[in-house]
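# Overview (structure and organization)
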Amino acid sequence: MSERHVGLLGATSLVGECLLKQLIQNNWHITAFSRRSITQSHSQIAWKQLDTTNQLRIGTEENNIPFWICAAPIWTLPDYFDLISASGARRIVVLSSTSRFTKDTSSDPSERKIAQQLIKGEEFVQTWAATHGVKWIILRPTLIYGYGHDKNITEIARFIRRFGFFPLLGSAKGLRQPIHVEDVASACYAALDTLNLTNRSYNLTGSETLPYREMVKRVFETLNHSPRMLTVPLWFFQIAAWGLSWLLRYRNWTSAMAERMNQDLTFDCSDAKRDLNFSPRSFKLTAEDLPG
């Protein structure tokens with residue numbers, strides 16, 4: 001098997017799908033893992049289905065996969081450590097999130113749990129990699145958007161389409177650095193291919209920093225809607241979050257999300273720009289980035 005052979009966990013995720021395209025373009029052979037059966041065929045992709053326990057018996061083709069990328073939630077990665085170890089892994093790139101910093105003091109217990117899962121996930125990766133002699137890179141993107149399948153801008157757009165307005169807490173001037181999913185995938189590929197970089201963590205941001213209110217305004221404009229942003233008190237969000245929780249699409253909406261509208265969630269990604277030649281785009285939404 002060629003040295004340019006990579007195992008991709010989370011291959012059907014938004015970042016994973018973008019990575020598949022980039023890996024194919026750069027002539028990698030990919031063993032792509034999914035919990036569901038995939039019928040797609042491509043000469044450079046070998047699809048492997050994990051069973052209900054997220055495991056897969058190691059076959060001949062999986063015995064030599066020196067490179068790995070995990071685009072699945074980082075807290076699920078320990079379930080695959082035996083699989084990765086048995087493949088002869090030498091290098092792994094793992095996606096985490098800046099939410100490990102921004103949600104660790106959230107007023108919502110479920111968000112604090114997510115932050116702890118991210119923190120512990122990173123610790124598990126580093127400990128396992130050190131034990132098995134595997135070089136690692138951890139990437140932490142900020143607010144990901146793109147192609148109408150993300151959980152950030154897409155949800156704002158769907159709310160606007162459904163209700164015709166968007167509620168904001170106070171001035172909603174908390175700063176954001178939204179990052180396009182293609183730029184996240186490009187950073188993953190660069191981290192995979194830049195072999196002189198080892199055992200490092202990088203924050204990833206978009207190139208533009210803007211207030212939350214302006215970010216929402218641009219969603220309105222891309223939808224060709226006149227901006228209707230209503231400033232409402234926190235108690236409204238608390239009641240609304242409870243009411244919306246009965247709708248499956250909004251079950252994860254919380255008043256803590258509103259509280260962060262006035263918090264600056266910004267990070268320095270100068271290390272990634274220097275080491276990974278990372279050059280993200282500004283926040284210029286197109287119709288392609290919103291749900292159909």
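Residues numbered from 1 in each chain as written. Predicted model: local features only at pLDDT ≥ 70, side-chain atom pairs only at ≥ 80, totals over all residues. Heavy atoms only, no water.

## Remarks on the nonpolar core
- The biggest cluster of nonpolar side chains holds 41 residues, and the ones touching the most others in it are Ile-30, Leu-139, Leu-192 and Leu-276.
- With 9 residues, the single largest contributor to this core is helix H6 (residues 181–193).
- Leu-139 has contacts with Val-93, Val-94, Leu-95, Ser-96, Ser-97, Ala-187, Cys-188, Ala-191, Tyr-202, Leu-204 and Leu-276, leaving out every residue within four places of it along the chain. (Core = buried A, V, L, I, M, F, W, Y, C linked by side-chain atoms within 4.5 Å. Buried < 20%, exposed > 50% of the residue type's maximum accessible area, 1.4 Å probe, protein only. Helix = DSSP H or I, 4+ residues; strand = E, 2+ residues; numbered from the N terminus. Contact = heavy atoms within 4.5 Å.)

## Notes on H6
- Compared with an ideal rise of 1.5 Å per residue, which puts 13 residues at 18 Å, H6 spans 18 Å between its outermost C-alpha atoms and is within 8% of the ideal.
- Taking burial as the measure, the 13 residues of H6 include 11 buried ones, the bulk of the element.
- Those residues of H6 that sit buried are Val-181, Glu-182, Asp-183, Val-184, Ala-185, Ala-187, Cys-188, Tyr-189, Ala-190, Ala-191 and Leu-192. (Expected span 1.5 Å × (residues − 1).)

## A few points about the sheet that holds strand S2 (residues 29–34)
- Pairing is parallel in the open sheet, where 7 strands are placed in the order S3-S2-S1-S4-S5-S6-S11. The open sheet terminates on both sides in strands that have one partner only, identified here as strand S3 (45–49) and strand S11 (200–204). Sheet twist, expressed as the mean angle between neighbouring strand axes with direction ignored, is 15 degrees.
- Contacting strand S5 (91–95) and strand S6 (135–141), helix H4 (residues 109–132) crosses the sheet at an angle of about 165 degrees to S6. (Pairing = 2+ DSSP bridges. Axes fitted to C-alpha atoms, helices over the stretch in contact; angles between N-to-C directions.)

## Some words on the pattern of salt bridges
- Within the structure shown, the criterion is met by 14 salt bridges.
- Glu-111 is the partner of Arg-260 in a salt bridge, and the nearest nitrogen-oxygen pair spans 2.5 Å. With Arg-260 in the loop between helix H9 (255–259) and helix H10 (270–275) and Glu-111 in helix H4, the pair connects residues that are 149 residues apart, well separated along the chain. You'll find Arg-260 and Glu-111 in the same group, each marked buried.
- In this structure, Arg-200 engages Asp-271 in a salt bridge whose closest nitrogen and oxygen atoms are separated by 3.9 Å. Here the residue Arg-200 occupies a position in strand S11, and Asp-271 occupies one in helix H10, the gap between them amounting to 71 residues.
- On the basis of relative accessible area, Arg-200 is assigned to the partly exposed category, the value being 29%.
- Overall, Asp-271 belongs to the partly exposed group, its relative accessible area being 32%.
- One connected set of salt bridges, linked through shared partners, spans Arg-200, Asp-271, Arg-274 and Asp-275. (Salt bridge = Lys/Arg side-chain N within 4 Å of Asp/Glu carboxyl O.)

## Side note on the packing of helix H1 (residues 14–25) against H6
- Put simply, H1 and H6 touch, their axes get as near as 9 Å, and they point 55 degrees apart. It follows from the interaxial angle that H1 and H6 lie oblique. As H1 packs across H6, the resulting crossing turns out to be right-handed. Together, Leu-14, Val-15, Cys-18, Leu-19, Lys-21, Gln-22 and Leu-23 of H1 and Val-181, Glu-182, Val-184, Ala-185, Ser-186, Cys-188, Tyr-189 and Leu-192 of H6 make up the contact between the two elements. (Parallel < 35°, antiparallel > 145°, perpendicular 65-115°, else oblique. Left-handed = near helix turned anticlockwise from the far one by under 90°.)

## Remarks on the packing of aromatic side chains
- Enumeration according to the criterion identifies 9 aromatic pairs in this entry.
- With 5.9 Å between their ring centres and 40 degrees between their planes, Phe-101 and Phe-267 make a pair best called tilted. Of this pair, Phe-101 sits in helix H3 (residues 99–102) while Phe-267 sits in the loop between H9 and H10, placing them 166 residues apart in sequence.
- On the basis of relative accessibility, which here comes to 36%, the residue Phe-101 falls in the partly exposed class.
- Ring plane angle 75 degrees and centroid distance 5.4 Å describe the contact between Phe-159 and Phe-166, whose orientation is recorded as edge-to-face.
- Looking at Phe-159, the relative accessible area reads 5%, which means it is buried.
- Residue classification places Phe-166 among the buried residues on the basis of a relative accessible area of 3%.
- One aromatic cluster is present, built from ring pairs that chain together Phe-159, Phe-163, Phe-165 and Phe-166.
- Positioned above the aromatic ring of Phe-67, the side-chain terminus of Arg-90 is 5.8 Å from the ring centre. (Phe/Tyr/Trp six-rings, centres within 6.5 Å; stacked < 30°, edge-to-face > 60°. Lys NZ or Arg CZ within 6 Å of the ring centre and 35° of its normal.)

Shape is all these values report; function is a separate question.
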